[in-house]
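Single-letter residue listing:
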Amino acid sequence: MLKIRFKVLPGFLPAASGRNALFSLLAPLVLSSCMTARVEESKDASTGIGTTESVVVLASSYHTSNPAEDTFLNCVTAKIQGGKRKMRVHPSAEFRDALYPWLEPRTAPRNAEALPELLERPGVSQRIRDRDIRYVIWIQGDTERTSGGGSLSCAAGPGGGGCFGLAWWENLSSYEATIWDLDGGIRAGKVSTDVNGTSVIPAVVIPLPLIARTRAAACKGLARQLQTFIVGQAPTG
Amino acid sequence: MIKRLYITVLKVFLLASILVFTGCSRSVDVAADFPEPLLEPLPLTLGVRFPSDLADFTHTEDPSLEPEWEIRLGEANLRMFRAVFAGMFTNVVELSPESAANAVAGVDLIIEPRLEELEFSVPNQSGTDQYVVWLRYSLKILLPDEQLVSDWRITAYGQKDEGNLGMGSEDAMKAAAIKALRDAGANIAIGFANAPGVKAQFLSEPLSSDTSEAPANSTDTQNVADVENTI
């Protein structure tokens, strides 16, 4: 089952807030600018999680893919522990240590087909049971600058200084999470997100950075979709 | 008066230069704990001998257009090997660099690890956001009477992104080195049974600490393999 969702996000978040006149003048520009986000979900098996069960969020192996940055993993880990559909998250470093050397980049199962072999290794299933871990979430992807341009120059002298010009760049944050169900020893599915956004720094004496935080938006979107994927719809009321 | 001012300016310039250049060198002391591997331990008593150059290993390099890096890996080497061997063998005896293993009763084999080479790259060199560390170890596997079974070479790799805004390069290099050490440990733990000569000498015959019972061809030079494992 494949679900695709597009969303237009409120995009430009000023790096520094203020009440100066320049910001007021540029406010319409801020409000009219945007990032675009695309979230996809592919479900291979039914999911659900008990109140005592946990998930582990791990970066994929750099031998087989492009592992997500630690900052992104930390962000997703924090986000899926909050909200109405919050989940318990087991510390990834402790889990890797407990199963060492079977989850190192060199040795980690390349795909879900190799998962039963891992679970059959001496002691592995027991350590997973001891920690009550139901799902492993492997995350890969990165944030790249796809284009940029403009010109911005600054100068300073005894009487003061200032900047003039306009610089811009476009970032694409593209991440994918693969969810393994350790109870069944199978792949439960995949969730992916792509967020595209343009950052601009206009400067007339004072530069005003308007940064499109695509990675933060991707983190939020992926975490929310992971919660929906595993826990299901949020309880109403 | 002008001469005195000139000398003062020169002194300030020299002092500033010294501060700038000493502030540019980067030093990383890799200290970390390593987990024991989750394995069925081999029913062998290992005598491990850590040479002093492994215990004191320090790599210094001055890449072009980069400040000098000093990476101290000695203590982390010992911790990694102690943890890995403790999980791999039922019994581990640490031998002093000078002592012979046959002085210690019950030792089935000796391993003498050496770190032959450390290489690294930083984002400025690779054009990525990654700090990368490569390690190359040589593990001499010997019988208790010091006869060489094989010189097993393994390589290990670790990488870490530089993080937000590229801050904390020392931390990123340290994390890459720790990942490389963990990779080395994983390689040794999983690959040992298939290391040159190991199966024939230690895993297919009834175990004995008496070297006279070793297979007759144990000194055959054909058994002395030198194989490099690559990623």
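First, a word on what this report is: a plain description of the structure on this page. Fair warning: this is a prediction, and the values are worked out from it, not measured in the lab.

Here we come to unusual backbone geometry. All names here are of chain A. Omega for the bond connecting Tyr100 with Pro101 falls within 30 degrees of zero, at 10 degrees, which places this linkage in the cis form. Within the secondary structure layout, Pro101 lies in the loop between helix H3 (92-98) and helix H4 (115-119). The backbone phi angle of Asp132 is positive, close to 55 degrees, even though this residue is not glycine. With respect to the element layout, Asp132 can be found in the loop between helix H5 (124-131) and strand E6 (133-157). Taking the relative accessible area as the measure of exposure, Asp132 reaches 29% and is therefore partly exposed.

We now examine the packing of helix H3 (residues 74-88) of chain B against helix H5 (residues 169-191) of chain B. Residues and elements named next belong to chain B. Contact geometry of H3 with H5 gives a least axis separation of 10 Å together with a crossing angle of 30 degrees. As summarised for this structure, H3 and H5 are arranged roughly parallel, according to the angle between their axes. Helix-helix and strand crossings are classified by hand; for H3 and H5 the assignment is right-handed. For the pair H3 and H5, contact is made by Ala76, Asn77, Met80, Phe81, Val84, Phe85 and Met88 and by Leu181, Ala184, Gly185, Ile188 and Ala189, respectively.

Further remarks concern the state of the cysteines. A complete count under the given rule lists 2 disulfides over all chains for this structure. Each disulfide in chain A links cysteines that, numbered along the sequence, combine into the pattern 1-4, 2-3.

Time to look at helix H6 (residues 214-231) of chain A. All names here are of chain A. Taking 1.5 Å of rise per residue, 18 residues should cover 26 Å, and H6 covers 25 Å from first to last C-alpha, within 8% of that figure. Judged by how many residues are buried, H6 sits mostly within the fold: 13 of 18 residues are covered. Looking one or two residues beyond H6, the residue adopting positive phi is Gly232, at roughly 105 degrees.

Here the focus is the environment of Val136 of chain A. Looking at where Val136 of chain A falls in the secondary structure, it is placed in strand E6. Look past the residues within four positions of Val136 of chain A in its chain and what remains in contact with it is Val56, Leu58, Phe95, Thr178, Ile179, Trp180 and Leu182 of chain A.

Turning our eyes to something else, we now look at the interface of chain B and chain A. Between chain B and chain A, the contact holds 24 residues from the first and 21 residues from the second. Here chain B and chain A share an interface that buries about 1,900 Å² over both sides, 56% of which is from carbon and sulfur atoms. Three residues, Leu38, Arg182 and Ile190 of chain B, lead the burial of chain B against chain A; their summed loss comes to 35% of the area buried on that side. If you look at where chain B meets chain A, you find 4 salt bridges. At the junction of chain B with chain A, the criterion picks out 10 residue pairs in polar contact (both at pLDDT 80 or more). Those elements giving two or more residues to the side of chain B that touches chain A turn out to be strand E8 (148-161) and H5 of chain B. Per-element accounting of the side of chain B that touches chain A gives the leading share, 8 residues, to H5 of chain B. The residue makeup of the side of chain B that touches chain A, split by class, is 11 nonpolar, 6 polar and 7 charged.

All right, on to the packing of aromatic side chains then. For the coordinates displayed, the defined rule picks out 12 aromatic pairs over all chains. Measuring from ring centre to ring centre gives 6.2 Å for Phe85 of chain B and Phe89 of chain B, while their planes differ by 55 degrees; the resulting arrangement is tilted. Just as Phe85 of chain B is buried, Phe89 of chain B falls in that class too. Directly above the ring of Phe229 of chain A sits Lys43 of chain A, whose terminal nitrogen or CZ lies 4.9 Å from the centroid. In this structure, Arg121 of chain A is placed above the aromatic ring of Trp102 of chain A, and the distance from its NZ or CZ to the ring centre is 3.9 Å.

The rules behind the values
- Per chain, residues are indexed from 1 in the order of the written sequence.
- Ligands are numbered from 1 and chains lettered from A, in the order in which they are written.
- Totals for whole chains, interfaces and linings use all residues, but because this is a predicted model, local features are given only for residues with pLDDT of at least 70 and pairs of side-chain atoms are given and counted only at 80 or more.
- Each side-chain value is worked out from all heavy atoms of the structure, with water and hydrogens disregarded.
- Put simply, DSSP H or I for four residues or longer makes a helix, DSSP E for two residues or longer makes a strand, and each gets a number counted from the N terminus.
- Only protein chains enter the area calculation, which uses a 1.4 Å probe; residues under 20% of their type maximum are buried, those over 50% are exposed, and those in between are partly exposed.
- To obtain an axis, a line is fitted to C-alpha atoms, over the contacting stretch when the element is a helix, and the angle between two such axes runs from 0 to 180 degrees between their N-to-C directions.
- We call two directions roughly parallel when the angle between them is under 35 degrees, roughly antiparallel when it is over 145, roughly perpendicular when it lies between 65 and 115, and oblique otherwise.
- For any helix crossing, the convention is left-handed if the near helix is rotated counterclockwise from the far helix by under a right angle, and right-handed if that rotation is clockwise.
- We call two residues in contact when some of their heavy atoms are within 4.5 Å.
- A pair of sulfur atoms, both from cysteines and within 2.5 Å, is called a disulfide here.
- To estimate how far a helix should extend, the number of its residues minus one is multiplied by 1.5 Å.
- Buried area, as used here, totals the accessible surface that two parts lose on assembly, with accessibility defined by a 1.4 Å probe and the loss added over both.
- Salt bridges are identified by distance alone: a Lys or Arg side-chain nitrogen within 4 Å of an Asp or Glu carboxyl oxygen.
- Distance and chemistry together define a polar contact, namely a pair of N or O atoms within 3.5 Å, with one atom able to donate a hydrogen and the other to accept it when in protein, and with adjacent residues in sequence counting only for side-chain atoms on both sides.
- Basically, the charged four are Asp, Glu, Lys and Arg, the nonpolar ten are Ala, Val, Leu, Ile, Met, Phe, Trp, Tyr, Cys and Pro, and anything else, Gly included, counts as polar.
- To pair, rings of Phe, Tyr and Trp, with the six-membered ring standing in for Trp, must have centres within 6.5 Å; the planes then decide the type, stacked if under 30 degrees apart, edge-to-face if over 60, and tilted in the middle.
- Placement of a charge over a ring requires the Lys NZ or Arg CZ to be within 6 Å of the ring centre, with the centre-to-atom vector within 35 degrees of the ring normal.

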